[in-house]
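Chain by chain, the residues run as shown.
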Amino acid sequence: MKIIDQSHEIISLPDNLLQVIEAAGRTCYKSEDKITSDSATGFVARMRDRGHHAMIEFGDIIVRFVTNRGVTHELVRHRLCSFAQESTRYVRYDGKMEFIRPCWWDACTPAQQTLWQQAMADAENRYLSLLESGWRPEQAREVLPNSLKTEIVVKGNIREWRHIFTLRCAKKAHPQIRALMGPLLSALKEQLPVVFDDLVF
């Protein structure tokens, strides 16, 4: 058993993403003749500020998350995205199970930490026992907890990512998904400020 922290990796953020959005958006106004080498940022900012968010749907970002299965149950509710997730039906965890440390871990008492660790160890032991008894991974997975580590690749357009951040970075969001999305939003603000820097939570 291994306990790890959740993380993200941006695996696709095209260099010409703003230019693609501008090319699509200017079709609406037949103003393609105003495209210059540095016009995309201003154009996209105007679309964002005017609420013309249909145009930012032309920019896709792909992110790989390492998180727990409870968080992915929330992520896949964003139906406008595409998902590829590690499968507990086909992946066989032969003593190599990983669990995501709760983001409130440091606020826990030693007794609470021990209880959680024991629960994870018990789940792994029961899973392995079921495999040894003849159950297939797709059957033995029934004893696996929400804390089980999983990987999920999410593709979404910028408009949907903004929607995700609005819901999942809010104070009312579940702490684990909020702890995952906050660092991603910060990274995207650095790489693509014109479409994310107005999101403040």
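Above this note sits the structure.
A quick note: this is a predicted structure, and the numbers were derived from the prediction, not measured.

A. Examining the sheet that holds strand β2 (residues 7-12) more closely. Strand order in the open sheet formed by four strands is β2-β3-β6-β4, and the pairing between neighbours is antiparallel. Here the strands that pair on one side only, and so sit at the sheet edges, are β2 and β4 (82-85). Within this sheet the neighbouring strands show an average axis-to-axis angle of 20°, counted without direction. In this sheet, strand β3 (residues 60-68) lies alongside β2 in antiparallel orientation, the contact comprising five bridges. Residue pairing for β3: H8 is matched across the bridge by F65. The strands that helix α6 (residues 158-168) touches are β3 and β6 (149-157); relative to β6, the one it contacts most, it runs at about 130°.

B. Molecular detail of the pattern of salt bridges. For the structure shown, the criterion picks out 18 salt bridges. A salt bridge links D49 to R48; the shortest N-O distance between them is 2.9 Å. For D49, a relative accessible area of 57% corresponds to the exposed category. Ionic pairing is found between D197 and R48, a salt bridge with its closest N-O pair at 2.8 Å. You can see D197 sitting in the segment after α8 (193-196) and its partner R48 sitting in helix α2 (residues 40-49), a full 149 residues away along the chain. A relative accessible area of 42% means that D197 is categorised as partly exposed. Overall, the relative accessible area of 13% leaves R48 in the buried class. Shared partners join several salt bridges into a network, and the residues in it are E9, R64, E86, E98, K149 and E151.

Conventions and cut-offs
- Residues numbered from 1 in each chain as written.
- Predicted model: local features only at pLDDT ≥ 70, side-chain atom pairs only at ≥ 80, totals over all residues.
- Heavy atoms only, no water.
- Pairing = 2+ DSSP bridges.
- Helix = DSSP H or I, 4+ residues; strand = E, 2+ residues; numbered from the N terminus.
- Axes fitted to C-alpha atoms, helices over the stretch in contact; angles between N-to-C directions.
- Contact = heavy atoms within 4.5 Å.
- Salt bridge = Lys/Arg side-chain N within 4 Å of Asp/Glu carboxyl O.
- Buried < 20%, exposed > 50% of the residue type's maximum accessible area, 1.4 Å probe, protein only.

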